[in-house]
Structures are given as structure tokens and as C-alpha cells.
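# Chains, contacts and geometry: an overview
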Amino acid sequence: MRHVLGGPRFLRAGDLSTCDRMSGMIVKAFRRQLMAQTTVVTAARPGWVEDGQWDEFQLFVHLSVGAGDRVWKNQPLFDLETVKVRFEVPSPVEGKVLGVYVDDGARVGPNAPIMKIAF
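Residues numbered from 1 in each chain as written. Predicted model: local features only at pLDDT ≥ 70, side-chain atom pairs only at ≥ 80, totals over all residues. Heavy atoms only, no water.

### Regarding the overall build of the chain
Going by this rule: Helix and strand assignments follow DSSP, with helices taken as H or I runs no shorter than four residues and strands as E runs no shorter than two, numbered in order from the N terminus. The classification of residues rests on relative accessible area computed with a 1.4 Å probe and restricted to protein chains. Under 20% of the type maximum is buried, over 50% is exposed, and intermediate values are partly exposed. By the convention used here, residues are in contact when the closest approach between their heavy atoms is within 4.5 Å. Note that accessible areas follow from Shrake-Rupley with a 1.4 Å probe, and for residues the cover is restricted to the protein chains shown.
Helices and strands together make up the secondary structure of the chain, namely 1 helix and 8 strands. Seen in sequence order, the chain has helices and strands lined up from the N terminus as α-β-β-β-β-β-β-β-β. Per-residue burial for the chain yields a buried fraction of 28% across its 119 residues. Restricting to contacts in the chain with at least 6 residues of sequence separation, those with at least 24 account for 54%. Of the roughly 8400 Å² of accessible surface on the chain, 55% is carried by carbon and sulfur atoms.

Right, here's the structure in full:
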């Protein structure tokens, strides 16, 4: 008799290894799905800066949210500060901040990853 995942099944003493394999497959599938539904927000170049100039900038990050916070689309996540200007970076998606890769006030390079958001 063939059993389908989620269908009725009674466990026997020898089925423990089958359960372990099935739970491992479910965990792997969940991890793949979670990885597919995340985005990394970086210190990307804003539209008003020319391509060649962005590499010369010294950027300082000022965080507005932390790990575990819920965010909505276009909510300010952090500020990037240069010598002359400070600008907000909005959230590209609605979701939950999984992790923050830098400390508040840290100096980062252009295109450095700042945080990861699950949506």
C-alpha cells in the first residue's frame, strides 16, 4: 500500500527511520521556500549619483529597525549618511527583518549587505 504525505498512516516500531526521513524532507523543503522568499537590502547606489562616483563615497549606516521587526513596503529601514547628504533607504517588500548585518553607526562600503527581510 502506498502512502501519500499527509495521508492516513499508522506507525509501527520499525517506522522511526521513515519518520526521520520524512521530517528531514519537510525541513529541507521549508528551508528552500524560506530562502526563495527573502531579500537582502544593500547600500545600493541611488539614482542621483553617477556610476563612477559611488565607489568614492564613505557611507555610515543609521538603523531605523532591528532584527525581528515587522516592516511594510516603503517604510524607512535605515539612513545612509555621506559627508554631504543623508538619505533614507525604504523597504522594497513587506515582511519581517530576519537579520541585520551591520551595527548602528557603522561605516560600510558601496553595495554592502545591510539586512535580510523575509516576505
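### Thoughts on the nonpolar core
Which entries qualify depends on this criterion: Buried Ala, Val, Leu, Ile, Met, Phe, Trp, Tyr and Cys residues that are joined via side-chain atoms within 4.5 Å together make up what is termed a nonpolar core.
Counting 19 residues, the largest nonpolar core has L77, F78, L80, V108, I114 and M115 as the members making the most contacts within it. Counting only elements with at least two residues in this core, the list comes to β2 (59-63), β4 (76-81), β5 (86-90) and β8 (113-118). With near-sequence residues (within four places) excluded, L80 lies in contact with A43, L59, F60, V61, V85, R86, F87 and V89.

### Let's talk about the side chain of Q75
Structurally, Q75 is set in the loop between β3 (70-71) and β4. Discounting chain neighbours no more than four positions away, the residues touching Q75 are V65, R70, V89, P90 and S91.

### Some thoughts on the pairing of β2
This is how the line gets drawn: Paired strands are those between which DSSP finds at least two bridges.
Direction of pairing for β2 relative to strand β7 (residues 107-108): antiparallel, over a ladder of 2 bridges. Pairing of F60 across the sheet is with R107, part of β7. With 4 bridges connecting them, β2 and β4 associate as antiparallel partners. Counted as the bridge partner of H62 is D79 from β4.

### What about the sheet that holds β4?
Overall, antiparallel pairing links the 4 strands, which are arranged β5-β4-β2-β7 in an open sheet. Lying at the two open borders of the sheet, with one neighbouring strand each, are β5 and β7.

### Details of the pattern of salt bridges
Our working definition: Salt bridges, as used here, are contacts in which a Lys or Arg side-chain nitrogen is within 4 Å of a carboxyl oxygen on Asp or Glu.
Under the definition given, this model contains 1 salt bridge. Here R86 makes a salt bridge to D79, at a shortest N to O gap of 3.2 Å. By relative accessible area, which is 47% here, R86 ends up partly exposed. Owing to a relative accessible area of 14%, D79 belongs among the buried residues under this scheme.

### Considerations on the sheet that holds β8
Backbone-to-backbone hydrogen bonds join strands into a sheet, with any given pair of strands oriented parallel or antiparallel. Spatially, 4 strands are ordered β1-β8-β6-β3 in an open sheet, and the strand pairing comes out antiparallel. The two strands at the open ends of the sheet, each matched to only one other strand, are β1 (38-42) and β3. Relative to β8, β1 runs antiparallel, the two sharing 5 bridges. Opposite T42, over in β8, you have P113 as the bridge partner.

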